[in-house]
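So the chains spell out like this:
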Amino acid sequence: MTAALMDAGDFDALVVGAGFAGSVCARQLADAGWSVLVVDARPHIGGNAFDTRDDAGLLIHPYGPHIFHTNGKRIFEYLSRFTTWRFYEHRVLAEVDGALHPIPINRTTINGLYGLDLDEAGVEAFLAERRTDRSPACSSEDVVLNSVGADLCEKFFRGYTRKQWGLDLSELAAGVAARIPTRSNDDDRYFTDSFQFMPADGYTRMFERMLDHPGITVRTGVRFARATTPKPRRQLVYSGPIDQFFDYCHGALPYRSLRFEHQHLAGTERFQPTGTVNYPNEHAYTRITEFKHLTGETSAGTSIVREYPMADGDPFYPIPRPENEALYQRYKAMAEQETGVSFVGRLAQYRYYNMDQVVGAALAASARLLGREDAA
Ligand code: FAD
Ligand code: UDP
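Just so we're clear, the structure is a prediction, and the values are computed from it rather than from any experiment. (Residues numbered from 1 in each chain as written. Chains lettered and ligands numbered in written order. Predicted model: local features only at pLDDT ≥ 70, side-chain atom pairs only at ≥ 80, totals over all residues. Heavy atoms only, no water.)

1. As for the nonpolar core
Thinking step 1. Of all hydrophobic cores here, the largest spans 107 residues; its most connected members are F20 and V36.
Thinking step 2. In this view, V36 contacts F11, A13, V15, A26, L29, A30, G215, I216 and T217; residues no more than four positions away in its chain are not counted.
Thinking step 3. Ranked by size, the runner-up nonpolar core spans seven residues in total, among them Y279, Y285, I304 and Y308. (Core = buried A, V, L, I, M, F, W, Y, C linked by side-chain atoms within 4.5 Å. Buried < 20%, exposed > 50% of the residue type's maximum accessible area, 1.4 Å probe, protein only. Contact = heavy atoms within 4.5 Å.)

In structure tokens form, the structure reads like this:
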């Protein structure tokens, strides 16, 4: 057993993972008077939302771009205890046939791509003519064909999805492509949520404040293994992969990974016109993000990241498709038999959760532990 876990039995709660799931639970339990030990296998807190300064001094997201957006006022207010915010609305362009067009597809996209000058009603009619009826929409392919038809599907979705997931659109659950709406107006924001902000001093600083509590002890670089860790006095909160917790006894749950290629361009003040540019068909990477758009920082150079999807590596994305859900349900049934263990977060619940959804899940889980129903 790792020495750093030998005293786990001296704490009311052991929280595995210092990302959103673990940190929110830790804070909620500590606020209620529990003593909490938080461990993370990585050398830092924040999970995948961790941010840090690169060698050029710019704030970057080592695990890919994280943009906070939510319709949950309570979630926004909860996080506002630990950070102030910078207003930021994310915009994304996609490179198709050598030109950049807004994604989600909107009026500008249709007019630019096909050399048209349609008004909103014209765009609606244009899409209505091209849409293929695939209801009920069971797969992501159905969703895209239902909303924009075959040509736009090939140009914007099929190649990107193949790269990102290593699967065809038809092999992925409807919810994946349903994340991307279609618009007939000129709204070119990636998200339309009521709250769209970046933490003013970065995510890591927000996590530091969340975990800065006399009842919380944080140890990074510490890997939890169930078999060798003493049980905490009251509760284990686990936010790692659920299949790993159970030693893969039903087989490994598929996760998709990424390789991040970070680059600082010393002489380039602005690399691209929007925070992210997607490459649905060209290149092995799916997208390039320029952090200065997200952070509002100014400097003579700029820092970018390219994302290369990978089959192996850190588990970044659960892969939503029916057979994986069935396997997850087998692990979930085991999780429900455990006493004194909560499974919370994107990996532990095998859900394609955004950050705000993980905060919501963590607030609900900690409220249940504290015998409150008010934080769900
Ligand atoms: P994680 O952040 O994965 O934290 C789990 C932690 O547990 C990890 O730090 C891991 O090291 C630790 N751990 C696991 N197993 C063990 C173990 N055995 N022992 C010790 N520690 C362990 N969401 C948005 O809302 N907006 C975005 O723009 C956005 N962009 C994203 C971009 C990318 C490339 C990715 C991959 C995700 C993005 N997300 C975004 C989703 C967001 O990252 C997640 O919703 C959120 O970070 C999940 O938090 P979590 O605490 O559940 O998991
Ligand atoms: N997608 C696509 N083309 C795009 C953007 C998204 O095909 O230009 C599809 C793709 O399958 C992607 C999914 O929609 O994985 C969800 O996109 P999102 O930007 O929400 O992915 P994330 O930011 O979570 O990686």
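2. With respect to unusual backbone geometry
Thinking step 1. In this chain, I103 is followed by P104 through a cis amide linkage whose omega measures 0°.
Thinking step 2. Examined against the element boundaries, P104 turns out to sit in the loop between β8 (99-102) and α3 (107-114).
Thinking step 3. The step from S135 to P136 runs through a cis peptide bond, and the omega angle for that step is 0°.
Thinking step 4. As for its placement among the helices and strands, P136 is situated in the loop between α4 (120-130) and α5 (140-148).
Thinking step 5. Look at D247: it is not a glycine, yet its phi comes out positive at around 55°.
Thinking step 6. Tracing the chain through its elements places D247 in the loop between α9 (242-245) and β12 (255-265).
Thinking step 7. Overall, the relative accessible area of 59% leaves D247 in the exposed class.
Thinking step 8. Of note in this structure, H283 is not a glycine but carries a positive phi near 75°.
Thinking step 9. Looking at the element boundaries, H283 is found in the loop between β13 (276-278) and β14 (287-290). (Helix = DSSP H or I, 4+ residues; strand = E, 2+ residues; numbered from the N terminus.)

3. Quick notes on the site of ligand 1
Thinking step 1. The immediate surroundings of ligand 1 are formed by 33 residues, with D40, H66, I67, Y353 and M355 found nearest.
Thinking step 2. Between F20 and ligand 1, the recorded distance is 3.1 Å, taken from a backbone N or O atom to an oxygen atom.
Thinking step 3. Coverage of ligand 1 by the protein chains reaches 95% of its 1000 Å² of free accessible surface.
Thinking step 4. At the level of secondary structure, the elements contributing two or more residues to the shell around ligand 1 comprise α1 (20-31) and α12 (355-369). (Near = heavy atom within 4 Å. Polar contact = N/O pair within 3.5 Å; in protein donor to acceptor, adjacent residues only side chain to side chain. Areas by Shrake-Rupley, 256 points an atom, 1.4 Å probe, with all protein chains shown as cover.)

4. Some points on helix α6 (residues 150-165)
Thinking step 1. Between its first and last C-alpha atoms α6 spans 20 Å; for 16 residues at 1.5 Å apiece the expected length is 22 Å, and the helix comes up short by more than 12%.
Thinking step 2. Along its length, α6 reaches its greatest deviation from straightness, about 40°, at F157.
Thinking step 3. Counting buried positions along α6 yields twelve of 16 residues, so the element is predominantly enclosed.
Thinking step 4. Three or more residues of α6 are buried, namely L152, C153, K155, F156, F157, R158, G159, Y160, T161, K163, Q164 and W165.
Thinking step 5. Residue G166 follows α6 closely and has a positive phi angle near 70°. (Expected span 1.5 Å × (residues − 1). Bend = angle between axes of the 7 residues up to and from the residue.)

5. A few points about the packing of aromatic side chains
Thinking step 1. All chains considered together, the criterion is met by 28 aromatic pairs.
Thinking step 2. Taken together, a centroid distance of 5.9 Å and an interplanar angle of 55° make the contact between F224 and Y238 tilted. Taken together, the residues F224 in the loop between β10 (216-220) and β11 (235-238) and Y238 in strand β11 connect sequence positions 14 residues apart.
Thinking step 3. Classification of F224 as buried rests on a relative accessible area of 9%.
Thinking step 4. Here the aromatic rings of Y328 and Y350 are separated by 6.0 Å at their centres, their planes lie at 25°, and the arrangement is stacked. One end of the pair, Y328, is in helix α11 (residues 322-337); the other, Y350, is in the loop between β17 (341-343) and α12, with 22 residues separating them in the sequence.
Thinking step 5. Accessibility expressed as a relative area gives 5% for Y328, which makes it buried.
Thinking step 6. Three or more aromatic residues joined by ring pairs form one cluster here, namely F68, F76, W85, F87, F195 and F197.
Thinking step 7. Sitting over the face of the ring of W34, R234 holds its NZ or CZ atom 4.1 Å from the ring centroid. (Phe/Tyr/Trp six-rings, centres within 6.5 Å; stacked < 30°, edge-to-face > 60°. Lys NZ or Arg CZ within 6 Å of the ring centre and 35° of its normal.)

6. Overview of the pattern of salt bridges
Thinking step 1. Under the counting rule described, the total for this entry stands at 29 salt bridges.
Thinking step 2. Here E89 and R91 are joined by a salt bridge, their closest N and O atoms 3.9 Å apart.
Thinking step 3. When salt bridges that share partners are traced, they join R134, E141, D142, E154, R158 and D168 into one network. (Salt bridge = Lys/Arg side-chain N within 4 Å of Asp/Glu carboxyl O.)

7. Some points on the site of ligand 2
Thinking step 1. The environment of ligand 2 is formed by 15 residues, the closest being T161, R179, Y190, Y317 and Y352.
Thinking step 2. Contact between ligand 2 and W165: an oxygen atom at 2.9 Å from a side-chain N or O atom of the residue.
Thinking step 3. Taking Y317, its side chain carries an N or O atom lying 2.5 Å from an oxygen atom of ligand 2.
Thinking step 4. Here ligand 2 loses 93% of its free accessible area of 520 Å² to cover by the protein chains.
Thinking step 5. Top contributing element to the shell around ligand 2 by residue count: α6, with six residues.
Thinking step 6. Residue classes in the shell around ligand 2 are distributed as ten nonpolar, three polar and two charged. (Nonpolar A, V, L, I, M, F, W, Y, C, P; charged D, E, K, R; others polar.)

8. Concerning the environment of H262
Thinking step 1. Here H262 shows up in strand β12.
Thinking step 2. Separated by 119 residues in sequence, H262 and V143 have C-alpha atoms that sit 33 Å apart.
Thinking step 3. Residue contacts for H262: discarding those within four places in its chain leaves I60, H61, P62, F291, I304 and V305.
Thinking step 4. Polar contacts involving the side chain of H262 include one to the main-chain carbonyl oxygen of P62, which spans 3.1 Å.

9. Observations concerning the packing of α1 against helix α8 (residues 203-211)
Thinking step 1. Running from amino to carboxyl end, α1 crosses α8 at an angle of 30°, the nearest separation of the two axes being 9 Å. With respect to α8, the axis of α1 lies roughly parallel. Handedness of the α1/α8 crossing: left-handed. Packed against α1, whose contacting residues are F20, S23, V24, A26 and R27, the element α8 presents Y203, M206, F207, R209, M210 and L211 at the interface.
Thinking step 2. Taken together, the residues of the contact of α1 with α8 sort by class into eight nonpolar, one polar and two charged. (Axes fitted to C-alpha atoms, helices over the stretch in contact; angles between N-to-C directions. Parallel < 35°, antiparallel > 145°, perpendicular 65-115°, else oblique. Left-handed = near helix turned anticlockwise from the far one by under 90°.)

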